[in-house]
2 protein chains.
Amino acid sequence: MSALDKVLARIDSDLDTSLERLFEFLKIKSISTDPAYKADCRAAAEWLAADLTRAGIASSVRDTTGHPMVVGHHTSGKPGPHVLFYGHYDVQPVDPLELWDTDPFEPRIVTREDGSKIIIARGSSDDKGQLMTFVEAARAYIAETGNLPVDVTVLFEGEEESGSPSLHPFLTANKDELSCDLALVCDTTMWNAETPAISIMLRGMVGDEVVVKAASRDLHSGFYGGAAQNPNHIIASIIAGLHDENGKITIPGFYDGVIDLPDDIVKMWDGLGFNSEDFLGKIGLKTPRGEKGRLPLEHLWARPTAEVNGMWGGYQGPGSKTVIPAEAHAKFTFRLVGDQDPEKIQEAFRAYVRSKVPADCTVEFIAKEGSPALRIDFNNPSLAKGKDALSAEWGTEAALIGCGGSIPIVGDFKRMLGMDSLLIGFALEDDQIHSPNEKYNLKSFHKGIRSWARILDELSKG
Amino acid sequence: MSALDKVLARIDSDLDTSLERLFEFLKIKSISTDPAYKADCRAAAEWLAADLTRAGIASSVRDTTGHPMVVGHHTSGKPGPHVLFYGHYDVQPVDPLELWDTDPFEPRIVTREDGSKIIIARGSSDDKGQLMTFVEAARAYIAETGNLPVDVTVLFEGEEESGSPSLHPFLTANKDELSCDLALVCDTTMWNAETPAISIMLRGMVGDEVVVKAASRDLHSGFYGGAAQNPNHIIASIIAGLHDENGKITIPGFYDGVIDLPDDIVKMWDGLGFNSEDFLGKIGLKTPRGEKGRLPLEHLWARPTAEVNGMWGGYQGPGSKTVIPAEAHAKFTFRLVGDQDPEKIQEAFRAYVRSKVPADCTVEFIAKEGSPALRIDFNNPSLAKGKDALSAEWGTEAALIGCGGSIPIVGDFKRMLGMDSLLIGFALEDDQIHSPNEKYNLKSFHKGIRSWARILDELSKG
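Residues numbered from 1 in each chain as written. Chains lettered and ligands numbered in written order. Predicted model: local features only at pLDDT ≥ 70, side-chain atom pairs only at ≥ 80, totals over all residues. Heavy atoms only, no water.

As named in an unreviewed UniProt entry, chain A is Acetylornithine deacetylase/Succinyl-diaminopimelate desuccinylase, taken from Roseibium suaedae.

This is the structure:
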């Protein structure tokens, strides 16, 4: 019986005590956005530091100007990558409380009709349940073998649900201590209940607000209509011109840096059985928009977008007002992929906008901060190792997926600490995170722990 | 010396007493929107009825559910058209009072640097001074000749500045009494201080509000961007597609009923010396928008327009919100000319909009009431007579002009009483109507009175 097998056997036999610990942790009301729960947040940090230390990762609570961080270290004395594990101990508020079937801070296990079990509590999935999969894996590994197979640093924050204001200063102040070879982040979902996943690419974003001004005041559309420029029409022409009839974005240079996916990724995504009618059906739509000739999943994960998140100009009240407004506005965001450069995209967008604004009008821009897309090197050996470990545990090839939105911590780790991140989580889409009756499948918790044991073992191999 | 010459001579010699009467009238605080001035409105109506009666037009105050009407009749016993003269005795509020140099209800005459005199008071131009030009002309005519040269009915309302709520019921209830051959309306401007004008066409209007709905809720632009329809983009494409690159409106059938102006009108307008740079310069613009190959005055008066008076969708607050909104809105108005049919225009617009909305989205319309454009028959003999009379008085050919906006009373007279209107006024663009220090040029008052004497004389000719 290999060391790993022994560790996995211990995880199985210790599951009940693992659950007891998780329940203790879930009972702490660590709601970070509400100042009323400040002491609860500290209590959660202290519980976590003590539990990590008991498990064999010497940890401490570290003050910030907000809620504290928990940092711990375990030196294995072995070669192989030094990994940083990240999670967050804070949770979302629970309101509307009346929609919870039971107290959100009294965790319980419910057996569903199909016999499967779920853990119901605020934070059961996001992120206490997820982060404890790693802690329990480390505990079992150390208990069984006396050691972890690689050097491990852990970083848990208590402000993820409230914008992480202390994170940048803390990473800056503790750069040397926290810079490792690879980050492991457990805050994402599986592809589906049977298929584990690693998120390998996150879209970037850059935004801009455009203000088009024409006359020096609002005009009467009877007296000036037909002669004076109408900023609503100019904003509309800017928006309408963004895409061609095939859904491609028309801004010159926009696609510089967009990379085509490797064939094996495209093939994998095509094989994931993603049904865009189901996906869109849930929100009352049917037909995917977007560039023709691409997989729906490419649209969502791997192609850039141009979206108007807001636009306004003139009269919005009831009835009518015959006005030609002096100005009109639109807020744009561009999701970026590959090596698209946010600054260059913004410049190209502004040149495009200026080309659409008549001489009589002026245009102003209000910039929004941009961040490039992130992706792990598809040839990074840790990626293959993580994938192998997950596939072995779940009996299904792990999916390498994308993410249409952004996960700021991954950019911070990359840009501030120089680390790639492996995003591996066991949450499911139906976990109701941020909503009443949040749950985490017991299977996610159990096999999540086993997955991390396998991943640590795999990463330690030469 | 002809009868007209004698009337004109009397007008000149009576100018001081005409001014005394006007000042009495101007002192009455007949602000129709403010209930505090209800008694003043009645006092103004009573003053007017008494003064008309003294002048020889037997008149009375007629109650409505709001401020009263004044109606008078003078039977000349002569052939020729029976005319209805319309004006309004109510005035705008005076605030901000602190911007008036003197009490708005203490009229005074000021001599300007160039030696010209102006009458300063609320209502001096809009519309007390204007309507008194007719009353004084009638008075002088009757005093000098014992009679008016045509049958005259007068109608003065006291709610023009507050939406004329009593007008429709009053016209309906007194249709036979008020239906004449021609209406004379004195509530408009001259072309400039030297050039009198008759407004011969008013644009009509029809509006529609468009609501485009896509997903059943607002979406995260990271998770759905590129796949889900964005109503902002659809509204923008509807707006941007309204005009082609030459400024023509693209809605199929939109130009049905648009008539080309007679050559002599185009030639006259071209000769009016309208400077679109000056016109637009006052509002901070320079270059006329609108269909290529048309005079600027055609754009303002005689061509239809499509304007978006308001549009909105998504997030309008500070910063950014990465949302794809569930719906977006736009309010459209179309100025109509010639024989364009408001209902057909609305139908054509809606068909156009539906053609731009993708299958995944729905569109709703919120109709606004429409009214067709109005114009006096260019061959109506009264038009030529009015023009001749004005040209003779001012020593300059009277301009036949258009009006980009609407003047509801003209449509009411046309549709409810079957009368065309001659819109003749002596106000100037710089009269500051509705603003502090409203004025009326003494020359407008004096030559306005003389103009009406000439017009009545001219209308009486076979």
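Trainee: An account of unusual backbone geometry is requested, with residue identities and associated values reported.
Mentor: Residue P96(A) is bonded to the preceding D95(A) through a cis peptide linkage, with omega at 0°. Position of P96(A) among the secondary structure elements: in the loop between β3 (83-88) and β4 (108-111). Of the consecutive residues D126(B) and D127(B), the connecting peptide bond is found in the cis state with omega at 5°. Relative to the assigned elements, D127(B) resides in the loop between β5 (117-120) and α4 (128-145). Of note in this structure, N437(A) is not a glycine but carries a positive phi near 60°. With respect to the helices, strands and loops of the structure, N437(A) is situated in the loop between β17 (420-424) and β18 (439-441). According to the relative accessible area criterion, N437(A) is buried, its value standing at 15%. Positive phi, normally seen in glycine, also occurs at S164(B), with a value near 50°. Mapping S164(B) onto the fold places it in the loop between β6 (152-157) and α5 (167-173). (Helix = DSSP H or I, 4+ residues; strand = E, 2+ residues; numbered from the N terminus. Buried < 20%, exposed > 50% of the residue type's maximum accessible area, 1.4 Å probe, protein only.)

Trainee: Break down the interface of chain A and chain B for me, citing the residues and quoting the values.
Mentor: The accessible area lost on association of the parts is a frequent measure of interface size. Every contact between the two is made by 71 residues of chain A and, on the other side, 71 residues of chain B. Summed over both partners, the interface of chain A with chain B comes to about 5300 Å²; 55% of that surface belongs to carbon and sulfur atoms. Between chain A and chain B we count 39 residue pairs in polar contact (both at pLDDT 80 or more) in total. The element contributing the most residues to the side of chain A that touches chain B is strand β11 (residues 305-314) of chain A, with ten residues. Grouping the constituent residues of the side of chain A that touches chain B by class yields 30 nonpolar, 29 polar and twelve charged. Two strands pair when backbone bridges link them, and β11(A) and strand β11 (residues 305-314) of chain B are joined in this way by five bridges, in the antiparallel orientation. The partner of G314(A) across the bridge, within β11(B), is G310(B). (Contact = heavy atoms within 4.5 Å. Buried area = accessible area lost by both parts, 1.4 Å probe. Polar contact = N/O pair within 3.5 Å; in protein donor to acceptor, adjacent residues only side chain to side chain. Nonpolar A, V, L, I, M, F, W, Y, C, P; charged D, E, K, R; others polar. Pairing = 2+ DSSP bridges.)

Trainee: I'd like a description of the domain arrangement of chain A, backed by residues and values.
Mentor: Residues and elements named next belong to chain A. Annotation of chain A at the domain level lists domain 1 (3-202 + 374-459) and domain 2 (204-258 + 304-371). Using only C-alpha atoms to locate each centre, domain 1 and domain 2 end up separated by 41 Å. With both sides pooled, the region where domain 1 packs onto domain 2 buries about 340 Å², and carbon together with sulfur makes up 32% of that total. Our count for the domain 1 to domain 2 interface comes out at one salt bridge. Between D339 and R375 there is a salt bridge; the shortest N-O distance is 3.2 Å. For the pair domain 1 and domain 2, the interface holds one residue pair in polar contact (both at pLDDT 80 or more). A class-by-class count of the residues in the side of domain 1 that touches domain 2 yields one nonpolar, three polar and two charged. (Domains from an automatic or database assignment. Salt bridge = Lys/Arg side-chain N within 4 Å of Asp/Glu carboxyl O.)

Trainee: Describe in detail the relation of the copies chain A and chain B, supporting the description with residues and values.
Mentor: With an RMSD of 0.2 Å, the fit of chain A onto chain B corresponds to turning through 180° and sliding 0.2 Å along the axis. Put plainly, the chains are arranged around a two-fold axis. Comparing contact sets, 100% of the residues at the interface of chain A also lie at the interface in chain B, consistent with an isologous, same-surface contact. (Least-squares fit on C-alpha atoms with pLDDT ≥ 70 in both.)

Trainee: Please set out the pairing of strand β3 (residues 83-88) of chain B residue by residue, giving values where relevant.
Mentor: Along any regular strand, the residues point their side chains to alternate faces of the sheet. All names here are of chain B. With respect to burial, β3 is a largely interior element, six of its six residues being buried. What you see with β3 is no split at all: V83, F85 and G87 on one side and L84, Y86 and H88 on the other are buried throughout. As defined by bridge partners, β3 adjoins strand β7 (residues 182-185) across four bridges and the pair is classed as parallel. Residue pairing in the sheet places F85 in a bridge with L184 of β7.

Trainee: Please set out the packing of aromatic side chains residue by residue, giving values where relevant.
Mentor: Here the structure, examined in full by the defined rule, presents 35 aromatic pairs over all chains. On the numbers, 4.8 Å between centres and 10° between planes, the contact of F25(A) with W47(A) is stacked. Of the two residues, F25(A) sits in helix α2 (residues 15-26) while W47(A) sits in helix α3 (residues 38-55), which places them 22 residues apart along the sequence. The exposure class assigned to W47(A) is buried, which follows from its relative accessible area of 11%. Connected via pairs of aromatic rings, a cluster forms that spans F85(A), F134(A), F156(A), W394(A), F426(A) and W452(A). We note K128(A) situated over the ring of F25(A); from NZ or CZ to the ring centre the distance is 5.1 Å. Over the ring of Y255(B) we find K248(B); its NZ or CZ atom is 4.5 Å from the centre of that ring. (Phe/Tyr/Trp six-rings, centres within 6.5 Å; stacked < 30°, edge-to-face > 60°. Lys NZ or Arg CZ within 6 Å of the ring centre and 35° of its normal.)

Trainee: Describe the sheet that holds strand β13 (residues 327-336) of chain B, naming the residues involved and giving the relevant values.
Mentor: Taken in spatial order, the eight strands line up as β14(A)-β9(A)-β13(A)-β11(A)-β11(B)-β13(B)-β9(B)-β14(B) in an open sheet, and their pairing is antiparallel. One side of each edge strand has no neighbouring strand; the edge strands of this open sheet are β14 (362-371) of chain A together with β14 (362-371) of chain B. Across the sheet, the axes of successive neighbouring strands diverge by a mean angle of 20°, strand direction being ignored. With eight bridges connecting them, strand β9 (residues 204-213) of chain A and β14(A) associate as antiparallel partners. Following the sheet pairing, M205(A) is matched in β14(A) by S371(A). Seen against the sheet, helix α12 (residues 342-356) of chain A touches β9, β13 (327-336) and β14 of chain A and runs at an angle of roughly 165° to β14(A). On top of the sheet, helix α8 (residues 231-240) of chain B reaches β11 of chain A together with β9 (204-213), β11 and β13 of chain B; it is set at about 15° to β13(B), its chief contact. (Axes fitted to C-alpha atoms, helices over the stretch in contact; angles between N-to-C directions.)

Trainee: Explain the pattern of salt bridges to me, and be specific about the residues and the numbers.
Mentor: What the rule picks out here adds up to 60 salt bridges over all chains. A salt bridge links E177(B) to R62(B), with the shortest nitrogen-to-oxygen separation between them at 2.7 Å. Of this pair, E177(B) sits in helix α6 (residues 175-178) while R62(B) sits in strand β1 (residues 58-62); the two residues are 115 residues apart in sequence, bridging distant segments of the chain. Between E397(B) and K387(B) there is a salt bridge whose closest N-O contact spans 2.6 Å. Pair noted here: E397(B) is in the loop between α13 (381-394) and β16 (399-403) and K387(B) is in helix α13, with a separation of ten residues, a long-range link. In the salt-bridge network here, residues are joined through shared partners; they are D12(A), E393(A), K447(A), R450(A) and R454(A).

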